[in-house]
Amino acid sequence: MKQLRTLILVVICLATLPAHSQTDNDTYTVVVSLDGFRWDYTQFYDTPFFDYMASIGVESALIPSFPSKTFPNHYTLATGLYPDHHGIVSNSFYDATTGERFSLGNPKTKSNGRYYGGEPIWNTVQKNGQRAAVYYWPGSDVKVQDMSPWHYHEYDEKPQLTFNERVDGIIEMLSLPAAERPRLVMAYFEQPDANGHRFGPQSKHTRDAVMKMDRLMQTLYQRLIALPIGPRINFIVVSDHGMTPITEERLINISAMLPRHWVKAIEGNIPANIYPAEGFTDSICGVLENVAHIRFWRKADIPARLHYGTNDRIGEIVVIPDVGWEIDTYLEERGSHGFDPDFNDMHALFRAVGPGFRHVTLPHFRNVCLYPLLCHLLGMEPAPNDGSLDDIREMLAR
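Residues numbered from 1 in each chain as written. Predicted model: local features only at pLDDT ≥ 70, side-chain atom pairs only at ≥ 80, totals over all residues. Heavy atoms only, no water.

Chemist: I would appreciate a short explanation of the packing of helix α3 (residues 48–56) against helix α10 (residues 204–225) in the present structure.
Modeler: When two helices pack together, their arrangement is given by the angle between the helix axes and by the axis-to-axis distance. Contact geometry of α3 with α10 gives a least axis separation of 7 Å together with a crossing angle of 55 degrees. With respect to their mutual orientation, α3 and α10 come out oblique. Residues Pro-48, Phe-49, Phe-50, Tyr-52 and Ile-56 of α3 lie in contact with α10, whose contacting residues are Met-213, Asp-214, Met-217, Gln-218 and Tyr-221. Grouping the constituent residues of the contact of α3 with α10 by class yields 8 nonpolar, 1 polar and 1 charged. (Axes fitted to C-alpha atoms, helices over the stretch in contact; angles between N-to-C directions. Helix = DSSP H or I, 4+ residues; strand = E, 2+ residues; numbered from the N terminus. Parallel < 35°, antiparallel > 145°, perpendicular 65-115°, else oblique. Contact = heavy atoms within 4.5 Å. Nonpolar A, V, L, I, M, F, W, Y, C, P; charged D, E, K, R; others polar.)

Chemist: Honestly, the packing of helix α8 (residues 163–174) against α10 in this entry has me stumped. Any pointers?
Modeler: It is the contact of α8 with α10, at a shortest axis distance of 10 Å, that shows an interaxial angle of 20 degrees. The orientation of α8 with respect to α10, classified from their angle, is roughly parallel. Seen along the crossing, α8 lies across α10 with a hand that is right-handed. When α8 is examined against α10, the residues Phe-163, Asn-164, Val-167, Asp-168, Ile-170, Ile-171 and Leu-174 are found in contact with a partner set consisting of Met-213, Leu-216, Leu-220, Arg-223 and Leu-224. Considering only residue class, the contact of α8 with α10 consists of 9 nonpolar, 1 polar and 2 charged. (Left-handed = near helix turned anticlockwise from the far one by under 90°.)

Chemist: Would you explain the layout of surface pockets in this entry?
Modeler: Empty space among the atoms can be located by rolling a probe the size of a water molecule over them. The computed volume of the largest pocket comes to approximately 850 Å³. Lining the largest pocket we find 40 residues, and of these Lys-69, Asn-91, Leu-104, His-197 and Asn-269 sit closest to its centre. Of all the elements in the fold, those that place two or more residues in the lining of the largest pocket are α4 (70–79), α9 (193–199), β10 (263–267) and β14 (326–327). (1 Å grid on protein atoms, 1.4 Å probe; cavity = no way out; pocket = protein on both sides within 12 Å on 5 of 7 lines; lining within 4 Å. Points joined across faces, edges and corners; volume = space filled by probe spheres on them.)

Chemist: Just checking my understanding: could you explain the sheet that holds β10 for this structure?
Modeler: Within a sheet, neighbouring strands are paired by backbone hydrogen bonds and run either parallel or antiparallel to one another. The strand order β10-β11-β13-β12 describes an open sheet built from 4 strands, whose pairing is antiparallel. Every other strand in the sheet has two partners, leaving β10 and β12 (294–298) as the edge strands with one partner each. Adjacent strand axes in the sheet meet at a mean angle of 20 degrees, parallel and antiparallel pairs treated alike. Summarising the sheet, β10 and strand β11 (residues 272–276) pair through 4 bridges and their orientation is antiparallel. Note on β11: the bridge partner recorded for Val-263 is Pro-276. Each of β10, β11, β12 and β13 (317–321) is contacted by helix α11 (residues 281–288), which is oriented at about 160 degrees to β12, the strand it contacts most. (Pairing = 2+ DSSP bridges.)

Chemist: Can you help me understand the nonpolar core in this one?
Modeler: Nonpolar side chains in soluble globular proteins generally cluster together in the buried interior. In terms of nonpolar packing, the biggest core is built from 41 residues, with Leu-174, Phe-189, Met-217, Leu-224 and Phe-235 touching the most fellow members. Contributions of two or more residues to this core are made by β1 (28–34), α3, β5 (132–135), α8, β6 (184–189), α10, β7 (233–238) and β16 (348–353). Among the elements that take part in this core, α10 stands out by supplying 8 residues, more than any other. Apart from residues lying up to four places away in sequence, Leu-174 is in contact with Tyr-28, Val-30, Arg-181, Pro-182, Val-185, Leu-224, Leu-227, Ile-229 and Ile-233. Formed by 36 residues, the second largest nonpolar core is a distinct cluster that contains Val-125, Ala-132, Ala-348 and Cys-375. (Core = buried A, V, L, I, M, F, W, Y, C linked by side-chain atoms within 4.5 Å. Buried < 20%, exposed > 50% of the residue type's maximum accessible area, 1.4 Å probe, protein only.)

Chemist: Explain unusual backbone geometry here, please?
Modeler: Residues apart from glycine generally show negative phi values, whereas peptide bonds are mostly found in trans. Put simply, Phe-66 and Pro-67 share a cis peptide bond, and its omega is 0 degrees. The omega angle of the peptide bond from Lys-158 to Pro-159 is -5 degrees, so this bond is cis rather than trans. Relative to the helices and strands, Pro-159 resides in the loop between β5 and α8. The phi dihedral of Asp-146 falls on the positive side, at around 60 degrees, and the residue is not glycine. Inspection of the secondary structure puts Asp-146 in the loop between β5 and α8. The exposure class assigned to Asp-146 is exposed, which follows from its relative accessible area of 64%.

Chemist: Please explain the packing of aromatic side chains as it appears in this structure.
Modeler: The geometry of two aromatic rings is summed up by the distance between their centres and the angle between their planes. A complete count under the given rule lists 23 aromatic pairs for this structure. Measuring from ring centre to ring centre gives 5.7 Å for Tyr-41 and Tyr-45, while their planes differ by 45 degrees; the resulting arrangement is tilted. We note that Tyr-41, like Tyr-45, is buried. Between Phe-44 and Tyr-45 the ring centres are 5.9 Å apart and the planes differ by 80 degrees, which places this aromatic pair in the edge-to-face class. By relative accessible area, which is 35% here, Phe-44 ends up partly exposed. Using a relative accessible area of 10% as the deciding quantity, one classes Tyr-45 as buried. Grouping aromatic residues by their ring pairs yields a cluster made of Phe-37, Tyr-41, Phe-44, Tyr-45, Phe-49, Phe-50, Tyr-52, Tyr-221 and Phe-235. Sitting over the ring of Tyr-115, Arg-114 keeps its end group 4.9 Å from the ring centre. Over the ring of Phe-189 we find Arg-166, and its NZ or CZ is 5.7 Å from the ring centre. (Phe/Tyr/Trp six-rings, centres within 6.5 Å; stacked < 30°, edge-to-face > 60°. Lys NZ or Arg CZ within 6 Å of the ring centre and 35° of its normal.)

In structure tokens form, the structure reads like this:
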């Protein structure tokens, strides 16, 4: 039945392709991120459009960077740098240089460009004399290198654009006259992450969110290919991380185990960055050695494969709970992420269609490769990054 629905969708989408011929060599790229869209949701739930994308374009998945959290990974997708290198080392962290606590709930730090290293793709585009339009992508409302996207929205603005209004905005941007039209459009959607956290990845509510986003992306795609420039649009759907179940019985309250004067700060839950008071690192490690269901490392001993541990904003001790466990004082969620990227539940959706892509199914690949991929599609020289186009060259049409 699912294969029949996919076949019907193929016919519908092909029937709506406009009979326009390409008039120049410009291509356009649209990148959409669906927060928390686990790579195998398309196997659990009915997703005819994502199945359609796989049937004509690239089917794969992204391996997130450590930690597999929203803000670090969205900024990694934008810059091609690991969090250790671009500086957003978690959703919250302590900055020893300033004594400030960076958090998504603190506009003073979240909007301070000094925390954001590297060159986001929207800056690369504009340094090449082109325009970029961005809808709520984490970091896009912050001036980095003293630059902002040509068109962007403050994430904290009220009211936010609805999901449908974001789709309308993308179409509006690509309907502008050629001289004004952005070459790159990026958009962020908060689902299915919100439902995955609240209800767990295998709940009815998360299923409904996944299916809703599948239908919304189908609508967006059909509107894109109906544009006069439709045949020249590369359409990419990604996510930042996956999701795994969490239960109240699997809660570890590390802060209760450590005397307050031993610790300057503890930031995060998966993982927890511990910033010891001077002289108490060994004492803290001694306590942690007897705690079940965790791994911990001194900063210098973090495994090289995690690409984490050189940045000053990372704690002197990093604690990662076992999969399905969380470091916290109380639990309000049924699903979470942040775990070791080697764990498949953390892997994220990747689909791509358009003139820049072949029809191919590829192994999961590092999310730092998205930035050089976008530069290739746009014909621009990438800034220094940790990705490699060679890792994913098989997906490219040329």
